[in-house]
Amino acid sequence: MKTLIISTYYNNPHHISHQAYLLKMFVDGEYDFVVLNDAGLTTRSLLSDNPSCFEIKNECGKQNIESIFVPQYIHTNIYQGGLVPDGLPANHPTERHRATLNWLFQSGFLRTKYNHAIIMESDMFLKQKLNIKDFVDGFDIMGTWRNGLLQKMPGQSWNPKCGDATEIDAKWLTFQFLCINLQTITNISDLDAGGFAGSDSGGNTHFFLKENPQYKVKFIAKWNDIDYQVDFISQEPTTCEDAQFLHLRAGTNWDNNSKEYYYEKMYRAFEKFIPSYKTELLNQNIQSKLYSSDHEHCYAPR
């Protein structure tokens, strides 16, 4: 059994080496790791301010990882030939994520030699030993999820499958982490990463799940650590230390924190939750408190 692991990258090529190393360190099973390079020619890398698309390509070359350029025309509205619903901001981080995933599902790339595909965000890191066969066994789809009441909002996309309803009680896959059985899922192109106001990516999977009750779905656990501002992903609820994946959150810095704050958050999360991983990250030895952009969190000198 061989697994395809895919991660989507935009402006944070510095995460590639960490993802790749931790997969090598912890995965028990045969896999290939592929990076989807979604950076445009003008996209700047967060930490270096150099063109991100070339840094992603070069870093993948160093790590001997296949990288695939995502065609940038998909990040235009449908009336222009892209994959973003008309009326929505085509370059918004959520819309970029949705369009990239929909391009992947529709491209036929997943109809390959692999048994399973694991799709995860670029700020998701394996943090303990993982036997892939045991992890994926018994499920057709497994992923992070949310549920709640979704309401029709002015200027937002509203799926025609909702009919005349102005709100729906939905449960959907969020695409932060998704595992697909490529042998049993026969209609991957029907997966839709689009969503609603308040659903982020994946709201439309509510309909895919309802229309395909034959698939065995596993909604995996997700919880957060307020002090470190990170999430934990695990097949079953467990402790932070025993969770299978660490999710740094805001890996593209969409919340506009300073580089120093972003770096310190990344450093401390690795140090605390993956202590066996001796990274090349160096402590900045900060001299004063670093505050988040919303001033709700800070890191003090140690």
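Q: Just checking my understanding: could you explain the pairing of strand β12 (residues 230–234) for this structure?
A: Working note: regular strand, side chains alternate between the two faces of the sheet. A large share of β12 lies buried, amounting to 5 of its 5 residues. Neither face of β12 is left uncovered, since the one carrying Val230, Phe232 and Ser234 and the one carrying Asp231 and Ile233 both have all their residues buried. Of the strand pairs in this sheet, strand β11 (residues 221–225) and β12 are connected by 5 bridges, and their pairing is antiparallel. By the bridge assignment, lysine 222 is partnered in β12 with isoleucine 233. Counting the residues that bridge the hairpin from β11 to β12 gives 4 residues, and of these glutamine 229 lies at a positive phi of roughly 55 degrees. Sheet topology note: the β12/strand β13 (residues 245–247) ladder contains 3 bridges and is antiparallel. Counted as the bridge partner of isoleucine 233 is phenylalanine 245 from β13.

Q: Could you clarify how one ought to interpret helix α3 (residues 93–107) in this entry?
A: In an α-helix, one full turn covers 3.6 residues, which means residues spaced three or four apart are oriented alike. Between its first and last C-alpha, α3 extends 21 Å over 15 residues, near the 21 Å set by a 1.5 Å rise per residue. Most of α3 is tucked away, with 12 of its 15 residues classed as buried. By the burial criterion, the buried members of α3 are Thr94, Glu95, Arg96, His97, Arg98, Ala99, Thr100, Leu101, Asn102, Trp103, Leu104 and Phe105. Tucked inside the fold, the buried residues of α3 contact β1 (2–9), β3 (30–37), β4 (66–69), β5 (116–121) and β9 (167–181).

Q: Would you take a moment to explain the nonpolar core for this structure?
A: Looking at soluble globular proteins, one finds that nonpolar side chains tend to be buried together. Membership of the largest hydrophobic core comes to 45 residues, with the highest contact counts inside it found for Leu23, Phe33, Phe177, Phe245, Leu246, Phe270 and Ile274. Once residues within four sequence positions are removed from consideration, isoleucine 274 is found in contact with Leu22, Phe26, Phe125, Leu126, Lys127, Leu246 and Ala269. Residues Ile74, Ile141, Ile185 and Phe208 belong to the second largest nonpolar core, which totals 32 residues.

Q: Where do I start with the pattern of salt bridges in this structure?
A: Side chains that carry opposite charge are capable of pairing whenever their charged atoms lie near each other. Using the criterion set out here, one finds 11 salt bridges in the structure. Of the charged contacts in the structure, one is a salt bridge between arginine 146 and aspartate 200, with a shortest N-O distance of 3.4 Å. Residue arginine 146 is located in strand β8 (residues 141–151), and its partner aspartate 200 is located in the loop between β9 and α5 (205–211); the two are separated by 54 residues in the primary sequence. In this structure aspartate 200 comes out as partly exposed when scored by relative accessible area, which is 46%. Among the salt bridges present, the one from glutamate 271 reaches arginine 302, with a minimum N-O distance of 2.5 Å. Of this pair, glutamate 271 sits in helix α6 (residues 259–273) while arginine 302 sits in the segment after β15 (298–299), and the two are 31 residues apart along the sequence. By relative accessible area, glutamate 271 is classed as partly exposed at 40%.

Rules behind the numbers
- Residues numbered from 1 in each chain as written.
- Predicted model: local features only at pLDDT ≥ 70, side-chain atom pairs only at ≥ 80, totals over all residues.
- Heavy atoms only, no water.
- Buried < 20%, exposed > 50% of the residue type's maximum accessible area, 1.4 Å probe, protein only.
- Helix = DSSP H or I, 4+ residues; strand = E, 2+ residues; numbered from the N terminus.
- Pairing = 2+ DSSP bridges.
- Expected span 1.5 Å × (residues − 1).
- Contact = heavy atoms within 4.5 Å.
- Core = buried A, V, L, I, M, F, W, Y, C linked by side-chain atoms within 4.5 Å.
- Salt bridge = Lys/Arg side-chain N within 4 Å of Asp/Glu carboxyl O.

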